[in-house]
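# Coordinates in review
The primary structure of each chain is shown beneath.
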Amino acid sequence: SFKALLSKEKPDIKLLVNNAGFGKFGAYHQIPVEESANMIDLNCKAVVCMSEICLPFMSEGAKIIQVASIAAFQPLPFINVYGATKAFVLNYAIGLDKELKDRNIRVFALCPGWTKTNFFDVAQTNPNDVKTFGVWFTAKQIVDFATKTDRQIVADIKAEKYLFTDYEDIIP
């Protein structure tokens, strides 16, 4: 197992990026419950498991980037389960960041907008589900930005640029 490998190798993990995930466009009755459960397992359970398995091997100054989405900030009919999983990732990242403050390990919630990846090949059950995605980011733009900041991250699609928020003033 991955945990056993880490225990054997005892690495000093400096950066963990939890980026695995998928979504599905469609009404709840169009998406098999097994697919929704798999989405929750990958988008939420795997994030918690990977973070908690890796944390014993992370030292002061390490970073965790939890890839959420702008979908985390509002209810999203017809991509409901995906949005809910990303809200979980956002809140988990913010809470874990506070828990790890004494260890000087930072946890970031990366919340990009539409990003050019194969996400849409999986998400679209019908090619006509979504015809326009507005502003697009490349994966390179997101990665370059995420690795150069030390603050919680929110993508502002309307301004086509990023806004920063630290949550320090919100959560004691």
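Look above for the structure.
Residues numbered from 1 in each chain as written. Predicted model: local features only at pLDDT ≥ 70, side-chain atom pairs only at ≥ 80, totals over all residues. Heavy atoms only, no water.

Let us now look at the pattern of salt bridges. Going through the model one piece at a time under the given rule, you end up with three salt bridges. With a closest N to O distance of 3.1 Å, Lys 14 and Asp 12 form a salt bridge. On the accessibility criterion, Lys 14 (47% relative accessible area) is partly exposed. Take Asp 12: its relative accessible area is 44%, and that puts it in the partly exposed class. Notably, a salt bridge pairs Arg 106 with Asp 97, separated by 2.9 Å at the nearest N-O pair. Look at Arg 106 and you get partly exposed, because its relative accessible area is 23%. (Salt bridge = Lys/Arg side-chain N within 4 Å of Asp/Glu carboxyl O. Buried < 20%, exposed > 50% of the residue type's maximum accessible area, 1.4 Å probe, protein only.)

Another aspect to go through is the nonpolar core. If you look at the biggest cluster of nonpolar residues, it comprises 23 residues, and the most contacted ones within it are Leu 55, Met 58 and Leu 90. If one sorts the elements of this core by residue count, helix α3 (residues 80–99) sits on top with six residues. (Core = buried A, V, L, I, M, F, W, Y, C linked by side-chain atoms within 4.5 Å. Helix = DSSP H or I, 4+ residues; strand = E, 2+ residues; numbered from the N terminus.)

This part is about the packing of helix α1 (residues 2–9) against helix α2 (residues 33–54). In the contact formed by α1 and α2, the axes pass within 10 Å of each other and the chain directions differ by 15 degrees. Considering their axes alone, α1 and α2 lie roughly parallel with respect to each other. Considering the relative orientation of α1 and α2, their crossing is right-handed. Judged by residue contacts, Phe 2, Lys 3 and Leu 6 of α1 engage Met 50, Ile 53 and Cys 54 from α2. Looking at the contact of α1 with α2 residue by residue, the classes come out as five nonpolar, no polar and one charged. (Axes fitted to C-alpha atoms, helices over the stretch in contact; angles between N-to-C directions. Parallel < 35°, antiparallel > 145°, perpendicular 65-115°, else oblique. Left-handed = near helix turned anticlockwise from the far one by under 90°. Contact = heavy atoms within 4.5 Å. Nonpolar A, V, L, I, M, F, W, Y, C, P; charged D, E, K, R; others polar.)

Let us now look at the environment of Glu 35. Secondary-structure assignment places Glu 35 in helix α2. Classification of Glu 35 as partly exposed rests on a relative accessible area of 26%. A sequence separation of 46 residues divides Glu 35 from Val 81, and the C-alpha atoms of the two residues are 9.9 Å apart. When residues no more than four places from it in sequence are discounted, the contact partners of Glu 35 are Phe 22 and Lys 24.

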